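Take a look at the letters that make up each chain.
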Amino acid sequence: MTARPLAPRPPWAGRRVVLGVTAGIAAYKAVQLARDLARLGARVDTVLSSSARRFVGPLSFAGVTGGSVHTRILATEGAALHIRLGTEADLIIVAPATADFIAKAAQGRADGLLTAILLSTRAPVILAPAMNDRMYSHPQTQRNLEHCRDVLGYRLAGPGSGALAVGEGEGPGRMLEPADLADHAGRALGEAEPFLGRTVLVTAGPTREPMDPVRYLGNRSSGRMGFAIAREAWLRGADVTLVTGPSSLPDPVGVRTVRVETASDMLSEVKKSITKADIVVYAAAVADFRPAERRDRKIKKSSGDGRTIELTENPDIALESWAGRRNGVVRVGFALETEELLEGARKKLEEKGFDLVLANDPGEPGAGFDVPTNRVTLLDREGRVEELPLLAKEELAVVVMDRVADRLRSVARGA
Ligand code: C5P
């Protein structure tokens, strides 16, 4: 689950989404999903199966979306409802999708409003399975899901693993959280050139450099900026790997997240992925130095040993991963400077071979580490300088990905 501001924004804003709700206990969470989608600016029409109405009522959906709520196939204004909803939709998302509904969808039945809409639409379809783990792992359900995915091209969002309905224990079958499903909807609505099918690698967070089994050198980076960039790239259709140092943030949905501790571990993970990356964003606050020696036992106060720590330099991940890069890769870096910001950033652009650098002064209010906002100046290889206002890190991620998109397009044009 990803915490982020909910305000109308692309790709959700103004788009027509049909939210289908079938009769699972997770139906109560579909109200939250409807609300999230509406707050992101989508126009949501809800279709409840008749048994779903026993779990959750139409008024709740109408109240949070302001859109229509339907249960039965009706003729309206000449066009049948199922044809109108299916044709006008930009996206159909069924959450929760029960084992029974998935079986009907795989068979191409049209015995209810929602199944009929699936046949009438040409929009992308997302199924969010939710059921008991034994029902989920049954070969019939697995075959139906494979058919939906491989033959019909439906997207499967989840299920996740975790607590099931009361008395059913834990296992795979749990519906994904509403915020994650809203992101799946965002990717289905927003994936487009030039990110579609591209591979993005992002480093994030601090590194932790151990001196003994309990102590380490670290810094105050939260990982927020890198996580926001990874999420934004995924929403636009990229295949994303995030290599992060210790961060309390949850894995962004859809992103392959690799958690590491030290700069050396981060470098070896980056080296594994760099050869496939079309875009690399170095957002990690890598410790410049690490203790020269890592003790096996806790350093005792009485030993007097801990007063001086000898340090040795860490590898520079941006420099050391230069050799493995792909032709035409777009490299983005950060420059955190407390003085002579622009000169420092320009130097980094040159020395580290970045195409784009985000320069910021952590001393400025609202900028830098461990805050939800940042104020940066963007510098590019061609000498352009763009001062951005104070933005939420999620908003800044949007601007950065827009600039990366411009570069990818100009590379494609041979500019
Ligand atoms: O040299 P400095 O730490 O200011 O460089 C900042 C940029 O270089 C950031 O993009 C950061 O992620 C990257 N970097 C790195 N490995 C290091 C130090 C910095 O990749 N050891």
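Residues numbered from 1 in each chain as written. Predicted model: local features only at pLDDT ≥ 70, side-chain atom pairs only at ≥ 80, totals over all residues. Heavy atoms only, no water.

Observations regarding the pairing of strand E9 (residues 160-163)
(1) Moving on: Sheet topology places E9 next to strand E10 (residues 170-174); four bridges connect them, and they run antiparallel. What sits directly across from Ala163, in E10, is Glu170.
(2) Moving on: Between E9 and E10, which pair antiparallel and follow one another directly, the connecting turn spans six residues, one of which, Gly167, has a positive phi of 85 degrees. (Pairing = 2+ DSSP bridges. Helix = DSSP H or I, 4+ residues; strand = E, 2+ residues; numbered from the N terminus.)

Re the packing of helix H4 (residues 99-107) against helix H7 (residues 139-151)
(1) Moving on: At their nearest, the axes of H4 and H7 sit 9 Å apart, and the two run at 50 degrees to each other. When the interaxial angle is binned, H4 and H7 end up oblique. Seen from above, H4 lies across H7 with left-handed handedness. Packed against H4, whose contacting residues are Ala99, Ile102, Ala103, Ala105 and Ala106, the element H7 presents Thr141, Asn144, Leu145, His147 and Cys148 at the interface.
(2) Moving on: Looking at side-chain class alone, the contact of H4 with H7 contains seven nonpolar, three polar and no charged residues. (Axes fitted to C-alpha atoms, helices over the stretch in contact; angles between N-to-C directions. Parallel < 35°, antiparallel > 145°, perpendicular 65-115°, else oblique. Left-handed = near helix turned anticlockwise from the far one by under 90°. Contact = heavy atoms within 4.5 Å. Nonpolar A, V, L, I, M, F, W, Y, C, P; charged D, E, K, R; others polar.)

Let's talk about the packing of helix H1 (residues 27-39) against helix H2 (residues 58-65)
(1) Moving on: Two elements in contact, H1 and H2, have axes separated by 8 Å at closest approach and are oriented at 20 degrees. One finds that H1 runs roughly parallel with respect to H2. As for the relative orientation of H1 and H2, their crossing is right-handed in sense. Residues Ala27, Ala30, Val31, Ala34, Arg35 and Ala38 of H1 form the contact with H2, whose participating residues are Ser60, Phe61, Val64 and Thr65.

What to know about the domain arrangement of the protein
(1) Moving on: Structurally, the protein comprises domain 1 (16-190) and domain 2 (199-413).
(2) Moving on: Each of domain 1 and domain 2 was reduced to a C-alpha centroid, and the two centroids are 37 Å apart.
(3) Moving on: Counting from both sides, the interface comprises six residues of domain 1 and, opposite them, seven residues of domain 2.
(4) Moving on: A combined buried area of about 650 Å² lies between domain 1 and domain 2, and 54% of that area is made up of carbon and sulfur atoms.
(5) Moving on: Three residues stand out in domain 1 for area buried against domain 2, namely Asp183, His184 and Arg187, and they jointly supply 77% of the buried area on that side. (Domains from an automatic or database assignment. Buried area = accessible area lost by both parts, 1.4 Å probe.)

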